[in-house]
Amino acid sequence: MADAAQATAVKAAKRAGKREAAERPSHKRKQEIVTELAKLMKKSKTIGIIDLRNLPDRQFSLIKKKLRGKAEFVVAKNTLIKKAFEKAKVAETLVPHINAPSAIVFTDLNPFELFRFIKQNKGKAAAKPGQIAPFDLIVPAGETSLPPGPVLSELKSAKIDARIQDGKVVIGKDSLVAKKGEKITDLAAKGLQKLGIQPFEVGMNMTAAFEDGLIYGHDVMDVDEEKLMAQLASGYISALNLSVEVGYPTKANMEIMIVKAVRNARGLAIEANIYEKEVIGDIMAKATRAHDALAVNVKEEAPAAAPAAEAAPAEEKKE
């Protein structure tokens, strides 16, 4: 019986070896892959390096589908990718960025457009034991869709304040299951999975891109668009104010400078009493205000009226 089991194991090993040999590309096929990659490198406007670590196949397929017609992805061994760069003599500076299982993306999109699309199409993933918490993992208080049963003790083991209320499992208060930077325990991972909480983001990680002879790293392409637009708007306003203040005319500030000049000229003409058609009404109004103010002052400073003469003494009584 042991001999039979051993024979079965040997046969299974042979089948696995044949399957592996079939999947392993031949030398000729490797050369074809290098040639195909080199051709794509020469004709593409943008070449990107995608790190495939921790990227689920489903997420990879989803992004490829959304970019169909706009980008082409090729997955190959790193050694073949590096040989293709050497053969194409294009973007060789990308080679140091290939440090993990990688895919190459070829597109006419610029690196920032491609990176933004990839960043906006990330998915959610459940926590696994041993992973590092990206932030404080807190289970919020409230009802759950879980029925009462053994799940209650599982949640409590994960430090989740679970209880039965009105025939339902509810979370009595916000419960911290893992602090930022801590490893997620097996119990915590199971508790989060039971509640359907997926704290991790999964998606493509484009480590670098090449366009027009320039290499763009991940940090350069990862632009906070809202912050950038706010900075650009602030810079524009500051530059506009400075140009107007120093009297440097440009297309953007010409109208503002003309309005400012007209306003200053009117103010000077009114102040100096220069009788021009455009300001004569303002000068007359200024004169009227001055007259009214003077009249008020004269009236306030005038001496008080003399008191009325005392009444004449009563006529003496006739004798």
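Note that the structure is a prediction, hence the values are computed from the model and not measured.

### Description of the packing of aromatic side chains
The final tally for this structure, using the stated rule, is two aromatic pairs. Between F60 and F73, the aromatic rings sit 5.9 Å apart at their centres with planes inclined by 90°, giving edge-to-face as the arrangement. Here F73 lies in strand β2 (residues 71-75) and F60 lies in helix α3 (residues 57-66), a separation of 13 residues in the sequence. Taking the relative accessible area as the measure of exposure, F60 reaches 11% and is therefore buried. Residues F112 and Y216 carry aromatic rings whose centres are separated by 5.4 Å and whose planes lie at 75° to one another, so their mutual orientation is edge-to-face. Here the residue F112 occupies a position in helix α5 (residues 111-120), and Y216 occupies one in strand β12 (residues 214-217), the gap between them amounting to 104 residues. By relative accessible area, which is 16% here, Y216 ends up buried. The cationic tip of K64 hangs over the ring face of F60; the distance from NZ or CZ to the ring centre is 5.0 Å.

### Structural notes on the layout of surface pockets
Taken as a whole, the largest pocket encloses approximately 500 Å³ of empty space. Lining the largest pocket are 23 residues; nearest its centre among them are R53, N54, E201, V202 and G203. Contributing elements (two or more residues each) for the lining of the largest pocket: α5, β10 (200-202) and β11 (205-211).

### Description of the sheet that holds strand β6 (residues 142-143)
Reading across the sheet, the three strands line up as β6-β8-β7 and stay open at both edges, with antiparallel pairing between neighbours. Of all the strands in the sheet, the pair left with one neighbour each is β6 and β7 (162-165).

### Some remarks on the pattern of salt bridges
Summed over the entire model, instances satisfying the criterion amount to 10 salt bridges. R29 serves as the salt-bridge partner of E32, at 3.2 Å between the closest nitrogen and oxygen. Residue E32 and its partner R29 are located together in helix α2 (residues 27-43), separated by three residues, close to a single helical turn. On the accessibility criterion, E32 (34% relative accessible area) is partly exposed. Of the charged contacts in the structure, one is a salt bridge between R29 and E36, with a shortest N-O distance of 3.5 Å. Because the salt bridges share partners, they merge into one network encompassing R29, E32 and E36.

### Side note on α2
Along its 17 residues, α2 runs 25 Å from first to last C-alpha, staying within 8% of the 24 Å computed at 1.5 Å per residue. Listed in full, the buried residues belonging to α2 are I33, V34, L37, A38, L40 and M41. Projected down its long axis, α2 shows its buried positions confined to an angular sector of 165°, all on one face. Exposed positions of α2 whose direction lies more than 90 degrees from the buried face are K28, K39, K42 and K43. As for α2, its buried residues are in contact with β1 (46-51), β2, α4 (78-88) and β3 (102-107).

### Here's the deal with the packing of α2 against α4
Where α2 contacts α4, the two axes come as close as 8 Å, and the packing angle between them is 55°. The orientation of α2 relative to α4 falls into the category oblique. The way α2 lies across α4 gives a crossing that is right-handed. Residues K30, I33, V34, T35, L37, A38, M41 and K42 of α2 form the contact with α4, whose own contacting residues are L80, I81, K83, A84, F85, K87 and A88. Considering only residue class, the contact of α2 with α4 consists of 10 nonpolar, one polar and four charged.

The rules behind these values
Residues numbered from 1 in each chain as written. Predicted model: local features only at pLDDT ≥ 70, side-chain atom pairs only at ≥ 80, totals over all residues. Heavy atoms only, no water. Phe/Tyr/Trp six-rings, centres within 6.5 Å; stacked < 30°, edge-to-face > 60°. Helix = DSSP H or I, 4+ residues; strand = E, 2+ residues; numbered from the N terminus. Buried < 20%, exposed > 50% of the residue type's maximum accessible area, 1.4 Å probe, protein only. Lys NZ or Arg CZ within 6 Å of the ring centre and 35° of its normal. 1 Å grid on protein atoms, 1.4 Å probe; cavity = no way out; pocket = protein on both sides within 12 Å on 5 of 7 lines; lining within 4 Å. Points joined across faces, edges and corners; volume = space filled by probe spheres on them. Pairing = 2+ DSSP bridges. Salt bridge = Lys/Arg side-chain N within 4 Å of Asp/Glu carboxyl O. Expected span 1.5 Å × (residues − 1). Arc of directions from axis to C-beta. Contact = heavy atoms within 4.5 Å. Axes fitted to C-alpha atoms, helices over the stretch in contact; angles between N-to-C directions. Parallel < 35°, antiparallel > 145°, perpendicular 65-115°, else oblique. Left-handed = near helix turned anticlockwise from the far one by under 90°. Nonpolar A, V, L, I, M, F, W, Y, C, P; charged D, E, K, R; others polar.

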